[in-house]
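What the coordinates show
Single-letter residue listing:
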Amino acid sequence: MNITQPIGETLALIGNTPLVRLTGPSEAAGCDIWGKCEFANPGSSVKDRAALYMIRDAEARGELKPGGTVIEGTAGNTGIGIALVANALGYKTIIVMPDNQSKEKMDTLRALGAKLVLVPPTKYADPCHFQHVSRRMAEETEGAIWAGQFDNTANRKAHIEGTTEELWEQTGGKIDGFTCAAGTGGTIAGVGMGLKEKNANIRIALTDPHGAALYNYYAHGELKGEGSSVAEGIGQGRITANLEGAPIDTQFRISDEEGMIWVERLLREEGLCLGLSSGINVAGAIELGKQLVSEGRDNPQVATILCDTGFRYLSTLYNAEWLGAKGLPVFDWLAHEGDA
Ligand code: PMP
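Naming follows an unreviewed UniProt entry, where the chain appears as Cysteine synthase A of Erythrobacter crassostreae. Per UniProt, the chain has the following entry under Cofactor (unreviewed entry): "pyridoxal 5'-phosphate".

Taken together, 15 residues lie near the ligand, and Lys47, Gly183, Thr184, Thr187 and Ser277 sit nearest. Between the ligand and Asn77, the relevant distance is 2.9 Å, taken from an oxygen atom to a side-chain nitrogen or oxygen of the residue. The separation between an oxygen atom of the ligand and a polar side-chain atom of Thr187 is 2.5 Å. Summarising the interface, the protein chains cover 95% of the accessible area of the ligand, which totals 400 Å² for the free molecule.

For the rest of this paragraph, the subject is the UniProt feature "domain: Tryptophan synthase beta chain-like PALP" (unreviewed entry) in the chain. Per the UniProt record, "domain: Tryptophan synthase beta chain-like PALP" (unreviewed entry) is annotated on residues 13-308. The span residues 13-308 is 42% helical and 17% strand by assignment, and the distance between its end C-alpha atoms comes to 16 Å.

On to helix 2 (residues 47-60), then. Across its 14 residues, helix 2 extends 20 Å between first and last C-alpha, which sits within 8% of the 20 Å expected from 1.5 Å per residue. Of the residues making up helix 2, those classed as buried are Lys47, Asp48, Arg49, Ala50, Ala51, Leu52, Met54, Ile55 and Ala58. Downstream of helix 2 by a residue or two, Gly62 has a phi angle that is positive, lying close to 80°.

Looking now at the pairing of strand 7 (residues 177-180). Here strand 7 shows no split at all, with Gly177 and Thr179 on one side and Phe178 and Cys180 on the other all buried. Regarding the hand of the β-α-β motif, the stretch spanning strand 7, helix 7 (residues 186-198) and strand 8 (residues 203-209) is right-handed. When strand 7 meets strand 10 (residues 301-306), the two strands line up parallel, connected through 2 bridges. Following the sheet pairing, Gly177 is matched in strand 10 by Val302.

Topologically, Glu166 is positioned in helix 6 (residues 154-170). We classify Glu166 as buried; its relative accessible area is 10%. Within the structure, the side chain of Glu166 is placed 2.8 Å from the side chain of Lys36, a separation counted as a polar contact. Once residues lying within four places of it in the same chain are set aside, the contact partners of Glu166 are Gly15, Asn16, Thr17, Lys36 and Arg49.

The rules we used
Residues numbered from 1 in each chain as written. Predicted model: local features only at pLDDT ≥ 70, side-chain atom pairs only at ≥ 80, totals over all residues. Heavy atoms only, no water. UniProt positions renumbered as here; feature names shortened; annotations may be inferred. Near = heavy atom within 4 Å. Polar contact = N/O pair within 3.5 Å; in protein donor to acceptor, adjacent residues only side chain to side chain. Areas by Shrake-Rupley, 256 points an atom, 1.4 Å probe, with all protein chains shown as cover. Helix = DSSP H or I, 4+ residues; strand = E, 2+ residues; numbered from the N terminus. Expected span 1.5 Å × (residues − 1). Buried < 20%, exposed > 50% of the residue type's maximum accessible area, 1.4 Å probe, protein only. Right-handed = clockwise from strand over helix to strand, strands pointing away. Pairing = 2+ DSSP bridges. Contact = heavy atoms within 4.5 Å.

The following block contains the structure:
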C-alpha cells in the first residue's frame, strides 16, 4: 500500500484500497479468493476512481474550467464519486438517475450537494434513457461537461493505472485470475488489460448478472439478455467504449439468489456489509477459482471487487419486506426482527 502520499489531500484518499482474503469463498473454491475493498473509498464505492479520472481528464483537455459543472447519468455510485471530487475541486454537480435505484443513493447525492434529476427507467434506445437525458443537459448547460462514464475511457484508465497496479503490488505478482461484473465495463476491461500486460497467463473472467447481454456475447458472440436482476450498477446490454478490446477469457452467469448467499455469508461470517454486485462478483470468483483448481494450476490466487457498501441498500437488500416482495430469501435475523 502507498503510504507516502501527502497528508491533507483528500483526493489522494481515492484508491489504495485494502485487499482481503475471503475465508468462506476461499473454502468454497478450494483456493485463495481475494476481495479488493472498494467500499473503503471516500464515496464508499469503486466509482470514485472513475469519477476522479474523468474529471482530471476533462480538466487536462481544457473542457472543464474553474467553477464549471459536471453532469452525469448514473445508477448512483458514479454520481456520489463525482459530487465528492467536484466539491473538492470547486465544481458543481448535476446527476441524472433512474428513479428505481436505492433511496439511500438519492439521499446521499442530495446530502453531498448534487442537483438530482430522477427519470423513469427505460431502454437505452429510448431518448429518455438517463444517459441521453444527461448528455443533452450537458450540451444545453453553460460551462458544463458530460462525464459520459460508459464511453469515456478515462474510466477504464483509472483501473489500468490504479486498481491493476495495486493488485499487482498487493499480491506480489502472484495472481492467477480476476473477475468482476460490468456496469460501464471500466473495471473489468481496465484491470483485464492491465493484468494481461503484466502476465498474459492471468485468466480474466466476466461475471454477468441475469438480464445482462454480455455473457452471451462473450460465450456465443451475440448480445442477448435472459432473465433479470435487482443488482444495482451492473448489467450491460451493449459493448461500451470501455469494453472494446477487453481481454475476456471466460464468463460466468450468476443469479441474484447466488449473489445474495454471499452477501449474507460475508456479513454474518466475515463482518463485511456489501451490495449485491459484490456478492455476484464473489460467486463468480469462486467459479473462476474452481476452474483454475480443476485445471491443476498451482495454488491459484483469484481476485475480485467488493464494489460498494451495503449501507447504501438498507431499504432494499437489508430489508425483509423488500426482499420478500422481490422473491429473494430473507436473512434469518431480518425475518425474526421484532420476535424476542
Ligand atoms: N457495482 C456497483 C455497485 C456499481 O455501482 C458499479 C458501477 N456502475 C459496478 C459494480 C460496475 O463497475 P463498472 O462501471 O466499472 O463496470
